[in-house]
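Summary of the model geometry
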Amino acid sequence: MTAQRIVWIDWLRVTAIFLVIIVHSTEPFYLGGEGSLIMTASDAFWVALFDTFARACVPLFIIASSFLQFPLRYSTATFFKRRAVRVLVPFAVWTTVYALIWGEPIQNFKDLLLNFNYAAGHLWFVYMLVGIYLLMPMLSPWAERVSKRELQVYLTICFFTTIIPFARTYFGGEVPVIYGPSGIPNPAKFPLWGEASWNTYGVFYYFSGFIGYLLFGLYVRRFVTNLSRPTSLILSIVPFVTGFIICFFGFLHYVYASATNGFPVEGPVGMAALWETPWFNDTTGVALMAIGWVFFYRHITSSGRFFNNILLPLSGASYGLYLCHMIILVPVSAWLRSKLGLGSDGVLSVWTTPAQIVGTAIITFILGSLASVVVGRIPRLGKYLMG
């Protein structure tokens, strides 16, 4: 069974879903109050530490999908049929579940006509993933014949676009925030390189976002071969540490700029959106950390009992775990907060917050993994529930 597996991709998937859970376990410590709330300076540090470490999680899923499926090895119709069963049907099931159990069901179903379920914000990922899938058949003929040098040029352009979110903030200054029905802030964009009020499609529009991760997965599969372990280690540590520094100190910079009167620092949800700028998936630090993670796992080729019995089932259940984990995480996080208290006043003093973040992530991962694996193995029905 494992002879046909690309072992390091399975490790990457399991790591990515655990990192997703860490991100969501950290959110209660900077999202609260009016929308944004960090209680103490120590909480700001712990949020920056854990969330920065985990922020490359979503790009890792795209890189893994690209490595395995891009360019397409079968017809476009077959590709979309398989993706519909694997991705869209479980998504429809779980977006319905969240619409019924969180928030106002009637309003949730109305919102679904226009966007993802606002009661379960993590489901934005599926819409983005479907967009990537729509591009794959169109780009596959080019991907089959692209040269290494040509692909490097396109990757360089994509990497350049990772500075755009910082450029908008730097040159744009304070921008107005518009609140849609989701409550998600939509800052007015400072126009760059061809953008204007009548045109949002600037010169780098089509090279930004997640397309760079799709191309990077292709590059790794086609052109990253026979690297020595020392070289892989350098290509792992240097980008990851550099990206971590950018994201960690970038987040703290924005937080302390908001904390003019000290802690606690509180404001509308748009404030948290500003703090998160260095964590955006299309920014430099996150891209560098994603590169680091890939080269860290790239040399894993051996499998054994742990891989076959534990990691492989978890990898197969990773999408189902992504869909369902918030149902487990929210009550687990609330329970730990009720037991341990908050911030420096908690039972573990300054260690209360990291204990809650790590505890929430581990408990959620274990319970969610068990549920995803067990439900996914239900004959005929499992694949439609968990993918």
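Right, let's walk through the structure included here. Since this is a predicted model, take the numbers as computed values, not measurements.

1. Points about unusual backbone geometry
Put simply, Phe-70 and Pro-71 share a cis peptide bond, and its omega is 0°. With respect to the helices and strands, Pro-71 occurs in the loop between helix H3 (57-69) and helix H4 (76-101). With an omega dihedral of 0°, the bond running from Phe-263 to Pro-264 counts as a cis peptide bond. Inspection of the secondary structure assignment puts Pro-264 in the loop between helix H10 (229-258) and strand E4 (265-268). The phi dihedral of Ser-349 is positive, around 60°, even though this residue is not glycine. On the secondary structure map, Ser-349 appears in the loop between helix H14 (318-340) and helix H15 (352-376). Among the residues examined, Ser-349 registers a relative accessible area of 37% and is labelled partly exposed. The phi torsion at Arg-380 lies on the positive side, around 65°, for a residue other than glycine.

2. Comments concerning helix H2 (residues 41-54)
Taking 1.5 Å of rise per residue, the 14 residues of H2 would be expected to cover 20 Å, and the 20 Å separating its terminal C-alpha atoms lies within 8% of that figure. For H2, the tally of buried residues reaches 10 of 14 residues, placing the bulk of the element in the interior. Within the span of H2, buried status applies to Ser-42, Asp-43, Ala-44, Trp-46, Val-47, Ala-48, Phe-50, Asp-51, Thr-52 and Ala-54. Close packing links the buried residues of H2 with helix H1 (7-26), strand E1 (35-38), H3, H10, helix H12 (284-297) and H15.

3. Details of the nonpolar core
Ranked by internal contacts, the top residues of the largest apolar core, which has 101 residues, are Leu-151, Phe-251 and Trp-275. The dominant element in this core, judged by the number of residues it contributes, is H1, at 12 residues. Residues contacting Leu-151, with those up to four places away along its chain left out, are Trp-142, Val-146, Leu-215, Leu-218, Tyr-219 and Phe-223.

Cut-off values and rules
- Residues numbered from 1 in each chain as written.
- Predicted model: local features only at pLDDT ≥ 70, side-chain atom pairs only at ≥ 80, totals over all residues.
- Heavy atoms only, no water.
- Helix = DSSP H or I, 4+ residues; strand = E, 2+ residues; numbered from the N terminus.
- Buried < 20%, exposed > 50% of the residue type's maximum accessible area, 1.4 Å probe, protein only.
- Expected span 1.5 Å × (residues − 1).
- Contact = heavy atoms within 4.5 Å.
- Core = buried A, V, L, I, M, F, W, Y, C linked by side-chain atoms within 4.5 Å.

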